[in-house]
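# Structure at a glance
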Amino acid sequence: MTTVPPVPSQPLPRLFLIPVDSKLHQFCVESHRILESAPAILERVEFDLDAYGLKKKLVRTADRRFLEGQTPDLADLKIELREIDPAKIELEVGRPRLEPYLVYLFLMLRGRFGGCKDQAARLLQEESITLHWWLENMGLRLPPANTLSENLNAVSNPTRDFIHKVQLRYILSESLDDFESLYLDSTAVEANTERPTDSGLITKLVERICRRGKKLNRFGLPNFNPSGLEALQQDLRAMHREIGFCTGKRKSKSTFKKLYYQLMRRGQRACKRFERELTAVKKALSTTKELLPSQRLMAEEVIELIGADIEAIGQVAAAGGRRIFEQEKVPSSEKIVSISDGGAAFIVKGGWNTHVGYRPQVGRSGKGFVSALILPEGNAADSGQLVDVVMEHWERSGVLPGVIGTDDGYSNKKAREDLLEAGVRVMSISGAKGKKITPTEEWNRPDYRAARANRSAVESLMFTLKDGYGFGQLHRRENENVRAELTEKILAYNICQIIRVRERRARERLERSIAV
């Protein structure tokens, strides 16, 4: 008869906990080795955590001083209320802080597996024997998800860039790559936002103003008058929906324009009302004396956001009117693409495929490591980024590449000549545009032909980054946060590439020994 075994969660009498020989264990080992090569990483992480802690303490101190100031000075006790000098504020002993080592380790893990609050990534963290063993042997514990996420976000982009630089110098010292070759390309990554429409933008901006306007009483300020706001939002949503039904239908063109005219008119009228309401709120804030400094800062930020949304409605309506009624092609710089990510732009790749997001420039070394990453504003042309990417590779790896290969999107005669003059031996730009600016004797040289043949390797890198590391779909918003997310994914990819290069070399040594 088949019997049910006892619950397998009973503790086992083991003297040592043995790590699992897995990719995660190898990832942690390589991350640790990189840190051993440059302990200054921990100093920079600790500096960022201190700066973040001091910023929070400054607000708490301002609140405390404000409350003290509500009571008149007692002359007998000689109490003096002084202005806060941020330079004199220091962190003191309090609750145990997160170890910089933990922040570094989980920064690498977040780049590989996703955010700390992501369910799949958190399940891996909590259930992984490898992580449990790793932290246990160092006397550390897995922090709560919110605490971990807050500390990881406190790390600055200069610190991430420094870690990338340390990675490349470590790779060079281990002879895993000489960084003599550089192949670069750009790619489109989707922002954490939906594709915009003028009607959708106006509707959502009005909804957001109404949401914020009815919560101002949290700061002791008057809320926006709710009369008619719910009906306004319902009407805008209905018109936005009808506009969506008309899109692409030839017989509905007049209805389409009529609905857009009504929606824009309602939105602009609402803006005038919101401006009056906002003026009253600003006046109330200027006269109130009871708000804590931290609350005042938040109130000022909310008022500023509402004002920016009111201006955005006018900008969307103006651009939409030119586009719909005057059949004018409005430049991207005059459009609002997203109400949640001001750094996102329309990205066009290949002349036909459009994305709403960013266009990072990526440089790949000869052995497959990412040695350069820059994130220009908007839909910047590749031709203007050639020198910047090469300089990024040079600064971070310490090596001026002798061979550079790219496609004809980077065709820039002046930039090509400058790089050759700086010491680059082969500056290969493929395609018709590249051939046009490359002398015939150079174009036909074997090293130039080899550079053109090897350029396709950067295409496979883009696929690997997007498919295995989520490089093509962003979770964070705004340029600096997006750059932080992409840099973390690049750092994680490089660690995995170190493991792959080591394994490949081990196989080659084994094959040579067998052949002998």
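Along each chain, residue indices are assigned from 1 in the same order as the chain's sequence is written. This being a predicted model, a pLDDT of at least 70 is required before a residue's local features are given, and a value of 80 or more before pairs of side-chain atoms are given or counted; all residues contribute to the totals for chains, interfaces and linings. Hydrogens and water are ignored here; the side-chain numbers use all heavy atoms of the structure.

## A look at the overall build of the protein chain
Selection criterion: We count a stretch as a helix when DSSP gives it H or I for four or more residues in a row; a strand needs E for two or more, and each element gets its number in order from the N terminus. Throughout, exposure labels follow a simple rule: accessible area from a 1.4 Å probe, protein chains only, divided by the maximum for the residue type, with under 20% read as buried, over 50% as exposed, and the rest as partly exposed. Any two residues having at least one pair of non-hydrogen atoms within 4.5 Å are treated as being in contact. What sets the accessible areas is the Shrake-Rupley method with a 1.4 Å probe; for residues, cover comes only from the shown protein chains.
Regarding its fold elements, the protein chain presents 18 helices and 8 strands. Among the 516 residues that make up the protein chain, the fraction classed as buried is 44%. Of the contacts formed within the protein chain by residues at least 6 apart in sequence, a portion of 71% connects residues at least 24 apart. Here the protein chain displays about 28700 Å² of accessible surface, and carbon together with sulfur accounts for 53% of that area.

## Quick notes on empty space enclosed by the protein
Condition: Residues are said to line a cavity or pocket when one of their atoms sits within 4 Å of a point; the points come from a 1 Å grid over protein atoms alone, cavities being sets where a 1.4 Å probe fits but cannot get out and pockets being open sets with protein on both sides within 12 Å along at least five of seven lines. Grid points are joined across faces, edges and corners, and a volume is the space filled by probe spheres set on the points.
In total, this model carries 1 cavity of 30 Å³ or more according to the counting rule given. The calculated volume of the largest cavity comes to roughly 40 Å³. Lining of the largest cavity is provided by Leu24, Leu109, Phe113, Gly114, Ala121, Leu124, Gln125 and Leu131. Elements that contribute at least two residues to the lining of the largest cavity include exactly helix H3 (100-113) and helix H4 (119-127). With 3 residues, the single largest contributor to the lining of the largest cavity is H4.

## A word on the confidence of the model for the protein chain
It should be kept in mind that the predicted coordinates are not to be read in detail where pLDDT is low. How we decide: Scored from 0 to 100, pLDDT records how confident the predictor is in each individual residue.
Per-residue pLDDT for the protein chain averages 85, and the proportion of residues at 70 or more is 89%. Least confident of the elements in the protein chain is strand S3 (residues 345-349), whose mean pLDDT is 77; most confident is helix H7 (residues 157-173), at 95. Throughout residues 73-84 the model reports pLDDT below 50, and contacts reaching past four residues in sequence, or to other chains, amount to 13 contacts.

## A short note on the nonpolar core
Our working rule: In this text, buried Ala, Val, Leu, Ile, Met, Phe, Trp, Tyr and Cys residues form a nonpolar core when linked through side-chain atoms within 4.5 Å.
If you look at the biggest cluster of nonpolar residues, it comprises 71 residues, and the most contacted ones within it are Ile41, Phe106, Met108, Tyr358 and Phe471. When residues in this core are grouped by element, the largest group, 10 residues, is from helix H18 (residues 479-515). Met239, Leu259, Tyr260 and Ile310 belong to the second largest nonpolar core, which has 40 residues in total.

## Quick look at the sheet that holds strand S6 (residues 370-374)
The condition is simple: The pairing criterion for strands is at least two bridges between them, as found by DSSP. Axis definition: a line fit to C-alpha positions, over the contact stretch in the case of helices; interaxial angles, taken between N-to-C directions, run 0 to 180 degrees.
Within the open sheet, the 5 strands sit side by side as S6-S5-S1-S7-S8. Their pairing is mixed. Sheet topology places S6 and strand S8 (426-429) at the edges, where each strand pairs with a single neighbour. Put simply, the sheet's adjacent strands are angled 15° from each other on average, direction ignored. As judged from the 4 bridges shared by strand S7 (residues 403-406) and S8, these two strands associate in the parallel manner. When the sheet's bridge partners are listed, Gly405 is paired in S8 with Ser428. Packed onto the sheet, helix H17 (residues 457-469) meets strand S1 (181-186), strand S5 (361-365) and S6 and runs at close to 60° relative to S1.

## Observations regarding a positive patch on the surface
The criterion, for reference: Patch membership requires more than 30% relative accessible area and the absence of a salt bridge. Residues of like charge join within 9 Å; the nonpolar side chains Val, Leu, Ile, Met, Phe, Trp and Tyr join within 5 Å. Salt bridges are identified by distance alone: a Lys or Arg side-chain nitrogen within 4 Å of an Asp or Glu carboxyl oxygen. This count recognises Lys and Arg as positive and Asp and Glu as negative, with His and chain-terminal groups excluded. Here the site of a charge means atom NZ of a Lys, CZ of an Arg, CG of an Asp or CD of a Glu.
Together, Arg211, Lys214, Lys215 and Arg218 make up a positively charged patch on the protein surface. With respect to the element layout, Arg218 can be found in the loop between helix H8 (198-213) and helix H9 (229-246). Residue classification places Arg218 among the exposed positions, given a relative accessible area of 55%.

## Re H3
Our working rule: Take the residue count of a helix, subtract one, and multiply by 1.5 Å to get its expected span.
In a regular helix each residue adds 1.5 Å, so 14 residues correspond to 20 Å; H3 covers 20 Å between its end C-alpha atoms and thus fits that length. In terms of residue burial, H3 counts as a mostly covered element, since 12 of its 14 residues are buried. Where H3 is concerned, the buried positions are Pro100, Tyr101, Leu102, Val103, Tyr104, Leu105, Phe106, Leu107, Met108, Leu109, Arg110 and Gly111.

## Here's the deal with the packing of helix H1 (residues 23-37) against H7
Our working rule: Angular relationships are summarised with four words: roughly parallel below 35 degrees, roughly antiparallel beyond 145, roughly perpendicular across 65 to 115, and oblique for the angles in between. Side-chain classes follow a simple rule in which Ala, Val, Leu, Ile, Met, Phe, Trp, Tyr, Cys and Pro form the nonpolar group, Asp, Glu, Lys and Arg form the charged group, and the remainder, Gly included, forms the polar group.
Here H1 crosses H7 at 95°, and the two axes come no closer than 10 Å. Judged by the inter-axis angle, H1 sits roughly perpendicular to H7. Two secondary-structure elements touch here, H1 through Glu30, Arg33, Ile34 and Ser37 and H7 through Val166, Gln167 and Tyr170. Classifying every residue of the contact of H1 with H7 gives 3 nonpolar, 2 polar and 2 charged.

## Details of the packing of aromatic side chains
For clarity, the threshold we go by: Note on aromatic pairs: the rings of Phe, Tyr and Trp (six-membered ring only in Trp) are paired at centre separations within 6.5 Å, and the planes decide the class, stacked below 30 degrees, edge-to-face beyond 60, tilted for the rest. Any Lys NZ or Arg CZ that is within 6 Å of a ring centre and within 35 degrees of that ring's normal is treated as a charge sitting over the ring.
Summed over all chains, the structure comprises 4 aromatic pairs. Ring centres of Trp133 and Trp134 lie 5.8 Å apart, and the angle between their planes is 65°; this geometry places the pair in the edge-to-face category. This pair shows no difference in class: Trp133 is buried, exactly as Trp134 is. Both rings, one in Phe256 and one in Tyr260, keep their centres 5.1 Å apart while their planes meet at 75°; by these two values the pair is edge-to-face. Pair noted here: Phe256 and Tyr260 are both in helix H10 (residues 253-287), with a separation of 4 residues, about one helical turn. Here Phe256 and Tyr260 have matching classes, each one buried. The cationic tip of Arg44 hangs over the ring face of Phe162; the distance from NZ or CZ to the ring centre is 4.1 Å.

## Quick notes on the pattern of salt bridges
For the structure shown, the criterion picks out 30 salt bridges. Asp382 serves as the salt-bridge partner of Arg359, at 3.5 Å between the closest nitrogen and oxygen. Here the residue Arg359 occupies a position in the loop between strand S4 (353-358) and S5, and Asp382 occupies one in the loop between S6 and helix H12 (386-397), the gap between them amounting to 23 residues. Taken individually, Arg359 and Asp382 each receive the classification buried, so the pair is uniform in this respect. Between Arg416 and Glu442 there is a salt bridge, and its shortest N-O distance comes to 2.6 Å. Separated by 26 residues along the polypeptide, Arg416 in helix H13 (residues 413-422) and Glu442 in helix H15 (residues 440-443) bring together distant segments of the chain. The class for Arg416 is buried, based on a relative accessible area of 4%.

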